[in-house]
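Descriptive structure summary
Listed here are the chains, written in short residue letters.
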Amino acid sequence: MCYIICVNNLQNEIINTKKIYRELFKNAQAAVDKQLAGLKTASLCNHCTKDCSIDFNNITVFDKFPKDCRYRFWQEAAVDKLENRISKDVLEKIKEIDLKRGQYSCSCCGSCCRLASSEYSFEELQQRAKNGDKFSQEFVSVFVPYKSKDEPRKLFPDYIELLEKTFKGEELYFYYCPKLGTDGLCTDYKNRPDICRIFPSDPLVVFPMKCAYNQWKQEVEITALTLHAIIDVVGYYREKINQAMAD
Ligand code: SF4
Ligand code: SF4
């Protein structure tokens, strides 16, 4: 939710990040494929039917197998691997990234309090808050919308232009927190909500140039992107295998 950054750097960052992500996704997919293929074994087949046309060499874990076919064990093992091994490894790595964040401290520049953006209007955020969404509850408890889009546009013209280009066709809303003091410090520090306490928790969001956590971001960004790619692959594979196994 932070927003002061050199536009040219940001534009390059977005383009490069997309390219890198595509590459990381391909690598993650190949690594997961290899692990799942390693679980496949020809000995699973007990020749339950004579006219079975399943070709061991050409089956994939996403194929639909007959109800009693033992290749369903392969699919079960694959789901177990995705859920209980790969996902746990990812969680461990995420914890490591978080621990590294603890090596840096906020410099209290106030940038993340001056401009927050969301795809939701204030009314939508209020509705989400009423529906129990914790992030929205905390967000509307501190942030208020700028009176007009001209205000943040005057403060952060290039960045807002870039955001609008990047999220072409999507509406974006801009907010600020009135609790930020003129000295750049939070006037309600003790009571600030968790979204303020944990910011920035995701190294994949754009940080303000002044943010003291930029070094952490640089240090862990590729790992975080890789984990993101693995999570995407795992989610997609789980769904496909479960669909194949559904009767
Ligand atoms: S409550 Fe304090 S820390 Fe949170 S956004 Fe407002 S000024 Fe910043
Ligand atoms: S250093 Fe980062 S987290 Fe701290 S106030 Fe500045 S932008 Fe926010």
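A quick note: this is a predicted structure, and the numbers were derived from the prediction, not measured.

1. What to know about the site of ligand 1
- Around ligand 1, the neighbouring residues are Cys 113, Val 142, Cys 177, Lys 179, Leu 180, Cys 186, Asp 188, Arg 192 and Cys 196.
- Looking at the shell around ligand 1 residue by residue, the classes come out as six nonpolar, no polar and three charged.

2. Re the environment of Tyr 237
- Structurally, Tyr 237 is set in helix H9 (residues 214-245).
- Along the chain, Tyr 237 and Phe 62 lie 175 residues apart, while their C-alpha atoms are 8.1 Å from each other.
- If sequence neighbours within four positions are ignored, Tyr 237 has contacts with Val 32 and Leu 82.

3. Concerning the pairing of strand S3 (residues 173-176)
- Summarising the sheet, strand S1 (residues 116-118) and S3 pair through three bridges and their orientation is antiparallel. Across the sheet, Ser 117 pairs through a bridge with Phe 174, a residue of S3.
- Pairing of strand S2 (residues 144-145) with S3, which is carried by two bridges, proceeds in the antiparallel orientation. Within S3, the position partnered with Pro 145 by the bridge is Tyr 175.

4. Regarding the confidence of the model for the chain
- For the chain, mean pLDDT is 86; residues scoring 70 or higher make up 88% of the total.
- A low-confidence stretch, residues 1-10 stays under pLDDT 50, and its non-local contacts, those more than four residues away or across chains, total 33 contacts.

5. So, the packing of helix H4 (residues 122-130) against helix H5 (residues 134-142)
- Relative orientation of the contacting elements H4 and H5 amounts to 130 degrees, with a least axis distance of 7 Å. Taken together, the axis directions place H4 and H5 in an arrangement best described as oblique. Our pair here, H4 against H5, has a crossing hand that is left-handed. Here H4 contributes Leu 125, Gln 126, Arg 128 and Ala 129 to the contact with H5, which in turn contributes Ser 136, Gln 137, Phe 139 and Val 140.
- Considered class by class, the residues forming the contact of H4 with H5 number four nonpolar, three polar and one charged.

6. Re the environment of Leu 115
- Mapping Leu 115 onto the fold places it in the loop between helix H3 (111-114) and S1.
- What makes Leu 115 buried here is the crowd of 23 C-beta atoms within 10 Å.
- Along the primary structure Leu 115 and Tyr 176 are separated by 61 residues, whereas in three dimensions their C-alpha atoms are 5.0 Å apart.

Rules used throughout
- Residues numbered from 1 in each chain as written.
- Chains lettered and ligands numbered in written order.
- Predicted model: local features only at pLDDT ≥ 70, side-chain atom pairs only at ≥ 80, totals over all residues.
- Near = placed C-beta within 6 Å.
- Nonpolar A, V, L, I, M, F, W, Y, C, P; charged D, E, K, R; others polar.
- Helix = DSSP H or I, 4+ residues; strand = E, 2+ residues; numbered from the N terminus.
- Contact = placed C-beta atoms within 7 Å.
- Pairing = 2+ DSSP bridges.
- pLDDT = per-residue confidence, 0-100.
- Axes fitted to C-alpha atoms, helices over the stretch in contact; angles between N-to-C directions.
- Parallel < 35°, antiparallel > 145°, perpendicular 65-115°, else oblique.
- Left-handed = near helix turned anticlockwise from the far one by under 90°.
- Buried ≥ 20, exposed ≤ 12 C-beta atoms within 10 Å, placed from the backbone.

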